[in-house]
Amino acid sequence: MSDTKRIKTALLSVYHKDGLSEIITKLHDEGVEFLSTGGTRQFIESLGYPCKAVEDLTGYPSILGGRVKTLHPKVFGGILCRREEEQDIQQIEKYEIPEIDLVIVDLYPFEATVASGAAETDIIEKIDIGGISLIRAAAKNFNDVAIVASQAQYKPLLDMLMEHGATTSLQERRWFAKEAFAVSSHYDTAIFNYFDGEEGSAFRCSANHPKTLRYGENPHQRGFFYGNLEGMFDQIHGKEISYNNLLDINAAVDLIDEFDETTFAVLKHNNACGLASRPTVLEAWKDALAGDPVSAFGGVLITNAVIDREAAEEINKIFFEVIIAPDYDVDALEILGQKKNRIILVRKPAVLPKLQFRSLLNGVLVQDRDLNIEQPQDLKTVTVKVPTTAEVSDMLFANKIVKNSKSNSIVLAKDKQLLASGVGQTSRVDALKQAIEKAKSFGFDLHGAVMASDAFFPFPDCVEIAGDEGVTAVIQPGGSIKDQLSFDYCNEHGMAMVTTGIRHFKH
């Protein structure tokens, strides 16, 4: 028997009606009869087409303020009836239940209502009951029924109707069912997370807008991104964004959001290799690049300021993968767009999630996003020497960078410029030695510089090495049972040290 089914009766009950009129017109032209409720029925009739009210079918009006409209055996029987089961056919004939071959329904905007800050009574009323039930029933019976569960599926339905009229294949119905269950599961996830709040009683995450990437971290790995990337960036130039680009872009956004002053950062493999805060974007770029002009090759650039022509002319002198800014002057874009594959992103305001998670072993690891940004009042001076105002400013600057660097990490900075960092080392001493060697290789004088560490010093060795190189002030979390050894060394050699009480490990 053919798996092709003809649509004879369609049930419509939708919240969003944009894009629906063409579908209704096509269905009417194909001889399909309509069954609907309330506002949707009025919409169909306003187009000049007859539509039977659900209330006339069920014998019951819409009750409880519209909470109960379609929840009735004469509706669900027509959807769930298995056309190849003789017993099902006999029962719907006995109870005068019409077969329903197409269901078009969408759901109340629960997530949008929550995001609007509405009162809980309004939020609860946006928990759809009838719609979600219709979706599940029609999707379950995809052998006989086609289900369109959201406005996003209006176009695929219309394309199908235009291609071969009011008929559906099993493959098409199964695809629509899959999309329908994606809609219902996402909807239920949002409701659960609203009720769960911050309890964390179970892990539920749902993301739409799938994007197939060229590959994962390596060419032999598949890669996907799920989420509304267009809600955060406008890509105005360049090739397709890759998996590794996204990792660097994420790290770049996390880093730049630490700074209020005009700042430019250069990242490579999720770590800053150059960063500076300056009065102008051009100055910030030049001093950021000076931090490590070698590693900047092929890097990701980000700033929190509008890029003008003068800055673009300097930036255009090097090869880089991605540049991110809140905006660009027109002549700056003309310059930066000279390279065909260069990815140019305009960052848009977007609320980032407060939780971070990753798959781990046979489960999921979840934590709060590290949103803590230390301020001068958070610092505790633990040495005789009190740091100067300039040193405090540089230490807070360096602390923001070390917070966003792979552990173990040490950052050396002066005059709000990253001189060098040592990142991802198994030993904090190695991280410091790496930073010192790099700073010297680019001609930086470490006298008067500050040092930031992402964790405490169990021994004074790092402080001793830094002091010998001319570092005058140190910022670290503190908390080691041997803290006093580092404090004593600083006191003996005229260095200042402050503790924050907050560790910033990053793996």
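Since this is a predicted model, take the numbers as computed values, not measurements.

Trainee: Explain the nonpolar core to me, using residue names and the numbers behind them.
Mentor: Residues I104 and I147 are the most contacted members of the largest nonpolar core, which totals 53 residues. Broken down by element, the residue count for this core peaks at seven residues, all from helix α10 (residues 170-196). Excluding residues that lie within four positions of it along the chain, I104 makes contacts with L11, L12, S13, V14, L20, I23, L27, V148, Y154 and L157. Listed in part, the 40 residues of the second largest apolar core include I241, L275, I324 and V411.

Trainee: Give me the lowdown on unusual backbone geometry, citing residues and values where you can.
Mentor: In this structure, the amide linkage connecting S407 to the following residue, N408, adopts the cis form with an omega of -10°. Within the secondary structure, N408 is located in the loop between α15 (389-403) and β19 (410-414). The phi angle at H209 is positive, at roughly 55°, despite the residue not being glycine. With respect to the helices and strands, H209 occurs in the loop between α10 and β8 (210-212). The backbone of N270 sits at a positive phi, close to 75°, despite the residue not being glycine. Its place among the elements puts N270 in the loop between β11 (263-268) and β12 (271-277).

Trainee: Could you give an account of the packing of aromatic side chains, with specific residues and numbers?
Mentor: What the rule picks out here adds up to ten aromatic pairs. Between the aromatic rings of Y194 and F195, the centroid separation amounts to 5.4 Å while the plane-to-plane angle is 80°, which identifies the pairing as edge-to-face. Seen in terms of ring centroids, F203 and F357 are 4.9 Å apart; in terms of plane orientation they differ by 65°. Their pairing is edge-to-face. On the criterion of sequence distance, the pair formed by F203 in the loop between α10 and β8 and F357 in strand β16 (residues 355-360) is long-range, its members being 154 residues apart. Put simply, the rings of F110, Y187, Y194 and F195 touch in pairs and so form one group of aromatic residues. The aromatic ring of F192 is capped on one face by R204, whose charged end is 5.6 Å from the ring centroid.

Trainee: So what about the layout of surface pockets? Which residues, and what values?
Mentor: Taken as a whole, the second largest pocket holds about 490 Å³ of empty space. Forming the boundary of the second largest pocket are 26 residues, of which G66, R67, K69, Y108 and D128 lie nearest the centre. The set of elements that each furnish at least two residues to the lining of the second largest pocket consists of α2 (38-46), α7 (120-125) and α8 (130-140). Of the residues that constitute the lining of the second largest pocket, the class distribution is ten nonpolar, ten polar and six charged.

Trainee: Summarise the sheet that holds strand β4 (residues 52-53); cite the residues concerned and give the values.
Mentor: Spatially, β4-β3-β2-β5-β6 is the arrangement adopted by the five strands of the open sheet, whose pairing is parallel. Each edge of the sheet is formed by a strand with only one pairing partner; in this case those strands are β4 and β6 (146-148). Taken together, the four bridges between strand β2 (residues 9-13) and strand β5 (residues 102-105) define a ladder with parallel strand orientation. The partner of L11 across the bridge, within β5, is V103.

Quick notes on the rules
- Residues numbered from 1 in each chain as written.
- Predicted model: local features only at pLDDT ≥ 70, side-chain atom pairs only at ≥ 80, totals over all residues.
- Heavy atoms only, no water.
- Core = buried A, V, L, I, M, F, W, Y, C linked by side-chain atoms within 4.5 Å.
- Buried < 20%, exposed > 50% of the residue type's maximum accessible area, 1.4 Å probe, protein only.
- Helix = DSSP H or I, 4+ residues; strand = E, 2+ residues; numbered from the N terminus.
- Contact = heavy atoms within 4.5 Å.
- Phe/Tyr/Trp six-rings, centres within 6.5 Å; stacked < 30°, edge-to-face > 60°.
- Lys NZ or Arg CZ within 6 Å of the ring centre and 35° of its normal.
- 1 Å grid on protein atoms, 1.4 Å probe; cavity = no way out; pocket = protein on both sides within 12 Å on 5 of 7 lines; lining within 4 Å.
- Points joined across faces, edges and corners; volume = space filled by probe spheres on them.
- Nonpolar A, V, L, I, M, F, W, Y, C, P; charged D, E, K, R; others polar.
- Pairing = 2+ DSSP bridges.

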